[in-house]
Amino acid sequence: DMGFDKCTPIQAQAIPPSLKGRDILAVAQTGTGKTAAFLLPILSELSDRPVTKVNTIILEPTRELAMQVDRQLEGFSFYTRTSSIAIYGGRDGHSMGQEQKALKTGARIVVATPGRLMAHLDMGYTDLSEVRHLVLDEADRMLDMGFIHDVRKVVAELPKKRQTLLFSATMPSSITKLAEHIMLDYDRIEITPQAKTA
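Residues numbered from 1 in each chain as written. Predicted model: local features only at pLDDT ≥ 70, side-chain atom pairs only at ≥ 80, totals over all residues. Heavy atoms only, no water.

Turning our eyes to something else, we now look at the pairing of strand E1 (residues 23-27). The buried fraction of E1 is high, at five of five residues. With burial as the criterion, each face of E1 is covered, one bearing Asp23, Leu25 and Val27 and the other bearing Ile24 and Ala26. Of the strand pairs in this sheet, E1 and strand E7 (residues 186-190) are connected by five bridges, and their pairing is parallel. Across the sheet, the residue bridging to Val27 is Glu190, located in E7. Here four bridges tie E1 to strand E6 (residues 163-168), and the two strands are oriented parallel to one another. Each residue of the ladder has a partner; that of Leu25, found in E6, is Leu166. (Buried < 20%, exposed > 50% of the residue type's maximum accessible area, 1.4 Å probe, protein only. Helix = DSSP H or I, 4+ residues; strand = E, 2+ residues; numbered from the N terminus. Pairing = 2+ DSSP bridges.)

This paragraph deals with the packing of aromatic side chains. Each aromatic ring pair is characterised by the separation of its centres together with the angle its planes make. Across all of its chains, the model carries one aromatic pair by this definition. Between Phe38 and Phe167 the ring centres are 5.4 Å apart and the planes differ by 55°, which places this aromatic pair in the tilted class. Residue Phe38 is located in helix H2 (residues 34-48), and its partner Phe167 is located in strand E6; the two are separated by 129 residues in the primary sequence. Each of the two residues, Phe38 as well as Phe167, counts as buried. Positioned above the aromatic ring of Tyr125 is the side chain of Lys104, whose terminal nitrogen or guanidinium carbon lies 5.2 Å from the ring centre. (Phe/Tyr/Trp six-rings, centres within 6.5 Å; stacked < 30°, edge-to-face > 60°. Lys NZ or Arg CZ within 6 Å of the ring centre and 35° of its normal.)

Ranked by size, the top nonpolar core spans 34 residues in total, and within it Ile57, Leu59, Val110, Leu136 and Leu166 carry the most contacts. With near-sequence residues (within four places) excluded, Leu136 lies in contact with Leu59, Met142, Val151, Leu165, Leu166, Phe167, Leu178 and Ile182. With 28 residues, the next largest nonpolar core counts Ala37, Ile42, Leu46 and Leu165 among its residues. (Core = buried A, V, L, I, M, F, W, Y, C linked by side-chain atoms within 4.5 Å. Contact = heavy atoms within 4.5 Å.)

This part takes up the pattern of salt bridges. Tallied over the full model, the rule gives eight salt bridges. Between Lys53 and Asp127 there is a salt bridge; the shortest N-O distance is 3.1 Å. In this pair, Lys53 is assigned in the loop between H2 and strand E2 (56-59) and Asp127 in the loop between helix H5 (114-122) and strand E5 (133-136), connecting sequence segments 74 residues apart. Among the salt bridges present, the one from Glu130 reaches Arg132, with a minimum N-O distance of 3.8 Å. Residue classification places Arg132 among the partly exposed residues on the basis of a relative accessible area of 29%. One network of salt bridges, in which partners are shared, links Arg22, Asp185 and Asp187. (Salt bridge = Lys/Arg side-chain N within 4 Å of Asp/Glu carboxyl O.)

A word on the packing of H5 against helix H7 (residues 148-156). Two numbers describe how H5 lies on H7: the axes approach to 9 Å, and their chain directions differ by 45°. In terms of orientation, H5 lies oblique with respect to H7. Judged by the twist between their axes, the crossing of H5 over H7 is left-handed. Contacts between H5 and H7 involve Pro114, Gly115, Leu117, Met118 and Leu121 on the former and, on the latter, Asp150, Val151, Lys153 and Val154. Here the contact of H5 with H7 is built from residues that sort into six nonpolar, one polar and two charged. (Axes fitted to C-alpha atoms, helices over the stretch in contact; angles between N-to-C directions. Parallel < 35°, antiparallel > 145°, perpendicular 65-115°, else oblique. Left-handed = near helix turned anticlockwise from the far one by under 90°. Nonpolar A, V, L, I, M, F, W, Y, C, P; charged D, E, K, R; others polar.)

The phi torsion at Glu138 lies on the positive side, around 50°, for a residue other than glycine. By secondary structure assignment, the location of Glu138 is in the loop between E5 and helix H6 (139-144).

Glancing now at the sheet that holds E5. The parallel open sheet is built from seven strands, whose spatial order is E3-E4-E2-E5-E6-E1-E7. Strands at the two margins of the open sheet, each flanked by one partner only, are strand E3 (84-87) and E7. With strand direction ignored, the average angle separating the axes of adjacent strands in the sheet is 10°. Relative to E6, E5 runs parallel, the two sharing four bridges. From the neighbouring strand, Leu136 faces E6, where its bridge partner is Leu166. Its contacts with the sheet put helix H4 (residues 93-105) on E3 and strand E4 (109-112), and the angle it makes with E3 is roughly 140°.

What follows is the structure, given as structure tokens:
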């Protein structure tokens, strides 16, 4: 029990299909509680089914967002045995070694910026054969920042049989096109921005 008694609209709509393993395309602003909407179902599954290799990849457009999601993940997974690693550039050389070790030993959840994850994948020691969940967070920003090729390369390395959760603040045609490229059949959820977000 994590002390949650009320769900935000995105959590109420995204958590049930996510727990059923459905792919989701969700339009939700930052600050609506979407991080919990994708983390809680994944953590729930991981606590039921222990894994030994990388199970989940969460892609974030910036190191700030990767750090933020990693902090929330640490808070949520405090009482579980789930290991995670945040992977992003702009740190000292030592961090690359730590990331490498976590990837080799199979950190369950990897929160990463696309370019940095690709750097590790190019070196050939990251086993993504057991990845069951891919989360693309702030996907519109990711495309605006020119990460589309890295995102597609990461997706190409993943098993076809997986769950994909795509979250975006806006829904330009490029996002719909990406969704259709990486997901077969998905639930579409739209949370209209309220005057005041949670």
